[in-house]
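Examination of the molecular architecture
The chain contents come next:
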Amino acid sequence: ERLIAREGELLRAACPKGARIIALDGSGKAMTSGALAKRLGAWRDEAIGDVALVIGGADGLDRSIVAAADMVLSFGAVTWPHMLMRALVAEQIYRAQQILAGHPYHRS
């Protein structure tokens, strides 16, 4: 528990001040790519400068981060390896950008 709490402190410190926080956690809401794009687009339109997607370590994400997050997002009930999760998140950010740009890459 001490290690998870310490990791949480380091993750919070790495997030830009004023950023919207998206915690990646199994307890979160599963969303379609279109719904995620819509949420990110709304924050963009509100002139939110930073969004931080927070991925916990092997033992999970500190509960204080999950509780304080602006959104808790789940990529399903299975556990994903940390490095693979980074790639999945990057792809979803790219996909959201393409959806918001009206690119035919994806139908939402």
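Residues numbered from 1 in each chain as written. Predicted model: local features only at pLDDT ≥ 70, side-chain atom pairs only at ≥ 80, totals over all residues. Heavy atoms only, no water.

**Thoughts on the sheet that holds strand E1 (residues 20–29)**
Reading across from one edge, E2-E1-E3 is the order of the three strands in this open sheet, with parallel pairing throughout. Two strands close off the open sheet at either side, each with one partner strand: strand E2 (51–55) and strand E3 (71–73). Averaged over all pairs of adjacent strands, the angle between strand axes in this sheet comes to 40 degrees, irrespective of strand direction. As judged from the five bridges shared by E1 and E2, these two strands associate in the parallel manner. Pairing of Arg20 across the sheet is with Val51, part of E2. (Pairing = 2+ DSSP bridges. Helix = DSSP H or I, 4+ residues; strand = E, 2+ residues; numbered from the N terminus. Axes fitted to C-alpha atoms, helices over the stretch in contact; angles between N-to-C directions.)

**Quick look at the nonpolar core**
With 13 residues, the main nonpolar core has Ile22, Leu24 and Leu40 as its most contacted residues. Those residues in contact with Ile22, other than ones at most four positions away along the chain, are Leu40, Trp43, Val51, Ala52, Leu53, Val54, Met71 and Leu73. Core analysis: the second largest hydrophobic core is formed by 11 residues, Ile21, Ala23, Leu61 and Val72 among them. (Core = buried A, V, L, I, M, F, W, Y, C linked by side-chain atoms within 4.5 Å. Buried < 20%, exposed > 50% of the residue type's maximum accessible area, 1.4 Å probe, protein only. Contact = heavy atoms within 4.5 Å.)

**Section: the packing of helix H2 (residues 33–45) against helix H4 (residues 82–100)**
For any two helices packed against each other, the geometry comes down to the angle between their axes and how far apart the axes lie. Where H2 contacts H4, the axes come no closer than 9 Å and their chain directions differ by 75 degrees. As summarised for this structure, H2 and H4 are arranged roughly perpendicular, according to the angle between their axes. Here Ser33, Gly34, Leu36, Ala37, Leu40, Gly41 and Arg44 of H2 come into contact with H4, specifically with Gln92, Arg95, Ala96, Ile99 and Leu100. Residue composition of the contact of H2 with H4, grouped by class: six nonpolar, four polar and two charged. (Parallel < 35°, antiparallel > 145°, perpendicular 65-115°, else oblique. Nonpolar A, V, L, I, M, F, W, Y, C, P; charged D, E, K, R; others polar.)

**Structural notes on the pattern of salt bridges**
Under the definition given, this model contains six salt bridges. In this structure, Arg20 and Glu46 form a salt bridge, with 3.5 Å as the shortest nitrogen-oxygen distance. Here Arg20 is found in strand E1, whereas its partner Glu46 is found in the loop between H2 and E2, with 26 residues between them in sequence. For Arg20, a relative accessible area of 23% puts it in the partly exposed group. A salt bridge links Arg44 to Asp45, with the shortest nitrogen-to-oxygen separation between them at 2.9 Å. Overall, Arg44 belongs to the partly exposed group, its relative accessible area being 48%. (Salt bridge = Lys/Arg side-chain N within 4 Å of Asp/Glu carboxyl O.)

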